[in-house]
Amino acid sequence: MSAKKLNLKDKYRLLTRDLDWEYSYVDRKKAFPYEEFEGIKITDWSKWEDPFRLTMDAYWKYQAEKEKKLYAIFDAFAQNNGHLNVTDARYVNAIKIFLTGVSPLEYQAYQGYAHVGRQFGGAGARVACQMQSIDELRHVQTQIHAMSHYNKYFDGFQDWTHMHDRVWYLSVPKSFFDDARSAGPFEFLIAISFSFEYVLTNLLFVPFMSGAAHNGDMATCTFGFSAQSDEARHMTLGLEIIKFLLEQHEDNVPIVQKWIDKWFWRGTRLLSIVAMMMDYMLPNKVMSWKEAWEVYFEEAGGALFKDLARYGIRMPKFVEVTEKEKEHVSHQAWWIFYNYGHAAGFHTWIPSDEELDWLSEKYPDTFDKYYRPRWELAKKMEAEGKRFYSQALPQLCTTCQIPMGFTKMDDPTQIAYRSSDYEGEKYHFCSDGCKHIFDEEPEKYVQSWLPVHQIYQGNCGGASVEEVLRDYYKLNLGADNLDIKGSPDEQRWKEWKGVA
Amino acid sequence: MTIEIKTSTLEPVRNTFANIERRFGDKPASRYQEATYDLQAETNFHYRPLWQPEFELNDKNRTKIVMEDWYALKDPRQFYYGAYVQQRAKMQEAAESSYWLFEKRNLADYLSDDVKNLLITYLIPLRHIENTANLNNMYGCAFGYGTAITQALLYNAMDRLGIAQYLSRIGLMLDGNTGQSLIESKQHWMENPAWQGIRALCEEMTTVEDWFEVVLAQNLVMDTLVFNLFYEQLDGKLAAMGGRDIAMLTEFMQAWNKDVNKWFDSVLKTVASESDENKALLHAWTEKWQSKVLDALKPVIQELLEPEALDLAVAELEKRIKKAGITA
Ligand SMILES: [Fe+2]
Ligand SMILES: [Fe+2]
Ligand SMILES: [Zn+2]
């Protein structure tokens, strides 16, 4: 009995992947059938390095401590009417977008990681995915509980899951995750663990969580910080999967590159909603979208891709476009919502004069030139009692499903129409990036459930837009939608605050 | 002078989310309700899965069981994530102090070689059955329908990983942290003829397509028999052999089994009472898997326990089947 005592790494291996074994009685491919169809070559699962070492007993213990603290704060928040501490009623609209647009993605992450957490043949990867699955379930549920109190006092939260399945702009986040989950297991991990969680996640969570902190929203900010240690684990999984795939076989490199190209672009389009939230919806600003993009993508991402160059991985395609887009995208997105504010489940408004000045300062090359004039016009019309809403339904990009309102980035006065023909039909896109994604996998994207097409085809209830909004989306018209000015949200806020 | 006292109670606009209100009326809801009902997307999926184009991403047709409302399968324990981890943290705290005591008092040193051998040959290999249970519950979680059942299946899957890890730790305590006992016990799992029936069955279970079938095969049939035989009945035998202290290390499994049966029995009861078709399916699956599991267990139980052991375990299973209302 002279065997050596185990080190931590070997011990964790015995407590996780050693539970698995080589099958002798059935074909292992029947138990793990989805590992090969994407063309990825795994020669040796044992080369997988566990991205973190957490046994279940420790997991229960740490997570329970976190939940205890978190729920104590939620309870106190509700008891003390914590919603009264936010900067003003406009702020709450940012977290309406979060609950209706982002929380359902946490749910899909839970489902997606459960799927790969069953399907990967390598037990090390499987267990890491299972832990992420249960974490993501945590995220959606704690978000619901954080918003539960807001839902009691503000409009627009109440039917978030029903809305997510139907409302036009929510098909942008929904289709993003449907796309990832309907892909094979390795693409799912490159899409979500690497491209999203590792490369872009800071651009989603930092804005919302610091936004919450800057605007007195204790509930959101607490769940955000509480989720951070989970996210740290998720990011290590993102890094491990990419290294693992690239080191397993050189044939994996072009496949992985293709996925990075696709998911980077899909991610930037999804983040345009965050961009407008940061620049327009937070009464107390954190930083501009452009600054966030520079810090969290250009600097951090630049270093990462330099690191990956030794595997033959280059920067994502169309990255040069984003360099121009960061100057425009938030302004164009908020303008779209301002125009379609009657059809949205949250309120819109014209930036205040100080906010317009802040935007000029943050966007010296573009704001005064292209965007301030629009807001000045809107202001003038509003003052004349002519707050306008666009009545025509917009055309949507077949890939990202955002209304075709983005311009050419070299000429911000021209909408960037792109199109492709496939099997006798024409499909429209907002950008070269979205067109490229379609052209690579047209069979997939012709399936897109485009909300505007669906309305025209009569698949969303009534004949008029109003009927669709009221009966199919279940919006409380006159309460959930339209301008913040004159809304019940604003009225209640004034009563609570004792201002006329 | 009169002082006007302002009552600063703020009237809420609504008590809960609209989907909860549609189900239970306009009244305050529990955290379990708000974190469970209608979370999963129901309609308007954008793309069919490349890996299963015959189904939607979320699809009720991945099992033959039919439910009018899959959210009828609520969890009597009301476990949402926060409630779940806090409950398990309490259980692990108790387990931790037992394992700590066992190590501190060097209780492994008092075990005879016979007891140690028995544990390595017959108890530690259960970690591989737990690994299978983890896969089968993950399968149900990924392919099941509705948050009510899928979240409970995920908790169950993670529990099984936890139990597999506790079993592995028992091995590490026997071998002084060298891993030798785990290597030996895995050899039994892989080569000992007594175990091959069960191993073959575990492999087969991971290829079953219908998620409800495999979840039933695992959580009702396999688990009832295995937990009764290897924890309850084996406990008695160990005590008689001077290995009473092992019970400290398997207390978690016994407490866990009670907790989980409460949930799964209620799931089965709800599914069975939904329709005669469901009941017939459950019955057919139960019969099929009962005979498979019994055949597979026979050789190992013959070596390990008294001749009537299997009958005792089957009686336990029949009790549960009856309670759930699964009849022909
Ligand atoms: Fe998350
Ligand atoms: Fe995450
Ligand atoms: Zn697009």
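Residues numbered from 1 in each chain as written. Chains lettered and ligands numbered in written order. Predicted model: local features only at pLDDT ≥ 70, side-chain atom pairs only at ≥ 80, totals over all residues. Heavy atoms only, no water.

Q: Break down the coordination of the iron ion (ligand 1) for me, with residues and values.
A: Six octahedral donors around a metal ideally subtend angles of 90 or 180 degrees, whereas four tetrahedral donors ideally subtend 109.5 degrees. All names here are of chain A. All of the protein donors around the iron ion (ligand 1) are Glu 106 (OE), Glu 136 (OE) and His 139 (ND1); their distances to the metal are 2.0 to 2.2 Å. Spacing between the donor residues of the iron ion (ligand 1) along the chain follows E-x29-E-x2-H. Taken as a pair, the iron ion (ligand 1) and the iron ion (ligand 2) show a spacing of 3.3 Å, with Glu 136 coordinating each metal. Of this pair, Glu 136 and His 139 both sit in helix H5 (residues 123–153), separated by three residues, roughly a single helical turn. For His 139, a relative accessible area of 2% puts it in the buried group. (Donors = N, O, S within 2.8 Å, 3.2 Å for Na, K, Ca; no water. Helix = DSSP H or I, 4+ residues; strand = E, 2+ residues; numbered from the N terminus. Buried < 20%, exposed > 50% of the residue type's maximum accessible area, 1.4 Å probe, protein only.)

Q: So what's going on with the coordination of the iron ion (ligand 2)? Residues and values would help.
A: Residues and elements named next belong to chain A. For the iron ion (ligand 2), the full set of protein donor atoms is Glu 136 (OE), Glu 197 (OE), Glu 197 (OE), Glu 231 (OE), Glu 231 (OE) and His 234 (ND1), at a range of 2.3 to 2.8 Å. Coordination at the iron ion (ligand 2) comes from six donor atoms whose angles at the metal span 48 to 174°, giving a geometry best classed as irregular. Taken in chain order, the donor set of the iron ion (ligand 2) reads E-x60-E-x33-E-x2-H. Taking relative accessible area as the criterion, Glu 197 reaches 5% and is therefore assigned buried. (Tetrahedral: all angles 85-135°; square planar, octahedral: opposite > 155°, others 65-115°.)

Q: Could you give an account of unusual backbone geometry, naming the residues involved and the relevant values?
A: Although it is not a glycine, Gln 401 of chain A adopts a positive phi angle of roughly 70°. You can see Gln 401 of chain A is positioned in the loop between helix H15 (367–383) and strand S1 (418–422).

Q: Could you give an account of the interface of chain B and chain A, with specific residues and numbers?
A: Contact with chain B, which involves 86 residues of that partner, is made by 98 residues of chain A. Between chain B and chain A the total buried area reaches about 8,100 Å² when both faces are included, carbon and sulfur atoms providing 60% of it. Among the residues of chain B in contact with chain A, His 46, Tyr 47 and Tyr 81 of chain B are the three that bury the most area, contributing 11% of the side total. Along the contact surface separating chain B from chain A lie six salt bridges. The salt bridge involving Arg 169 of chain B is made with Asp 57 of chain A; its shortest N-O contact spans 3.0 Å. For the pair chain B and chain A, the number of links is 60 residue pairs in polar contact (both at pLDDT 80 or more). Every element with two or more residues in the side of chain B that touches chain A is listed here: helix H1 (18–24), helix H2 (31–34), helix H3 (81–104), helix H5 (126–143), helix H6 (147–174), helix H7 (180–191) and helix H8 (193–205) of chain B. Here the side of chain B that touches chain A takes 15 residues from H6 of chain B, the largest share from any one element. Broken down by class, the residue content of the side of chain B that touches chain A amounts to 38 nonpolar, 31 polar and 17 charged. (Contact = heavy atoms within 4.5 Å. Buried area = accessible area lost by both parts, 1.4 Å probe. Salt bridge = Lys/Arg side-chain N within 4 Å of Asp/Glu carboxyl O. Polar contact = N/O pair within 3.5 Å; in protein donor to acceptor, adjacent residues only side chain to side chain. Nonpolar A, V, L, I, M, F, W, Y, C, P; charged D, E, K, R; others polar.)

Q: Describe the pattern of salt bridges, with residues and values.
A: Residues and elements named next belong to chain A. Per the counting criterion, the structure on display carries 69 salt bridges over all chains. Of the charged contacts in the structure, one is a salt bridge between Arg 269 and Glu 325, with a shortest N-O distance of 2.9 Å. Of this pair, Arg 269 sits in helix H10 (residues 252–281) while Glu 325 sits in helix H12 (residues 319–325), and the two are 56 residues apart along the sequence. Across this residue pair, the class does not change: Arg 269 and Glu 325 are buried. In this structure, Glu 327 engages Lys 290 in a salt bridge whose closest nitrogen and oxygen atoms are separated by 3.3 Å. Within this pair, whereas Glu 327 is found in the loop between H12 and helix H13 (329–339), its partner Lys 290 is found in helix H11 (residues 289–308), the two being separated by 37 residues in sequence. As far as the burial class goes, Glu 327 and Lys 290 line up, both buried. Each of the salt bridges in this network shares a partner with another, and the network as a whole consists of Lys 66, Glu 67, Asp 135, Arg 138, Asp 230 and Arg 233.

Q: Describe the environment of Tyr 422 of chain A, with residues and values.
A: Residues and elements named next belong to chain A. Along the chain, the position of Tyr 422 falls in strand S1. As for Tyr 422 and Phe 438, which are separated by 16 residues in sequence, their C-alpha atoms are 9.8 Å apart. Filtering out sequence-adjacent residues up to four positions away, Tyr 422 remains in contact with Tyr 427, Phe 438, Pro 442, Glu 443 and Val 446.

Q: Please provide a residue-by-residue account of helix H10 (residues 246–274) of chain B, values included.
A: Spanning 29 residues, H10 of chain B covers 42 Å between terminal C-alpha atoms, matching the ideal 42 Å at 1.5 Å per step. Along H10 of chain B, the sharpest change in direction is near 30° and occurs at Phe 252 of chain B. (Expected span 1.5 Å × (residues − 1). Bend = angle between axes of the 7 residues up to and from the residue.)

Q: Describe the domain arrangement of chain A, listing the residues and the values that go with them.
A: For an interface, size is often stated in terms of accessible area lost upon the parts coming together. Residue and element names in this part refer to chain A. For chain A, the assigned domains are domain 1 (8–347 + 466–497) and domain 2 (350–387). Computed over C-alpha atoms only, the centres of domain 1 and domain 2 are separated by 31 Å. Taken together, the contacts link 22 residues of domain 1 with 17 residues of domain 2. Interface of domain 1 and domain 2: buried area, both sides summed, is about 1,900 Å²; carbon and sulfur atoms make up 54% of it. Taken as a group, His 331, Trp 335 and Tyr 338 account for 33% of the area that domain 1 buries against domain 2, more than any other trio of residues on that side. For the pair domain 1 and domain 2, the number of links is five salt bridges. As a salt-bridge pair, Lys 485 and Glu 382 come within 2.8 Å of each other at their nearest N and O atoms. For the pair domain 1 and domain 2, the interface holds eleven residue pairs in polar contact (both at pLDDT 80 or more). Where the side of domain 1 that touches domain 2 is concerned, the elements lending two or more residues are H10, H11 and H13. For the side of domain 1 that touches domain 2, the element with the most residues is H13, which contributes six residues. When its residues are assigned to classes, the side of domain 1 that touches domain 2 shows eight nonpolar, five polar and nine charged. (Domains from an automatic or database assignment.)

Q: Before we move on, could you go through the packing of helix H14 (residues 353–362) of chain A against H15 of chain A and cite the residues and values that matter?
A: All names here are of chain A. Here H14 crosses H15 at 165°, and the two axes come no closer than 10 Å. Looking at the two axes, H14 sits roughly antiparallel to H15. In terms of crossing hand, the pair formed by H14 and H15 is right-handed. Counting all contacts with H14, which are made through Asp 353, Leu 356, Asp 357, Leu 359 and Ser 360, the residues of H15 involved are Phe 367, Asp 368, Arg 372, Trp 375, Glu 376 and Lys 379. In terms of residue class, the contact of H14 with H15 is made up of four nonpolar, one polar and six charged. (Axes fitted to C-alpha atoms, helices over the stretch in contact; angles between N-to-C directions. Parallel < 35°, antiparallel > 145°, perpendicular 65-115°, else oblique. Left-handed = near helix turned anticlockwise from the far one by under 90°.)

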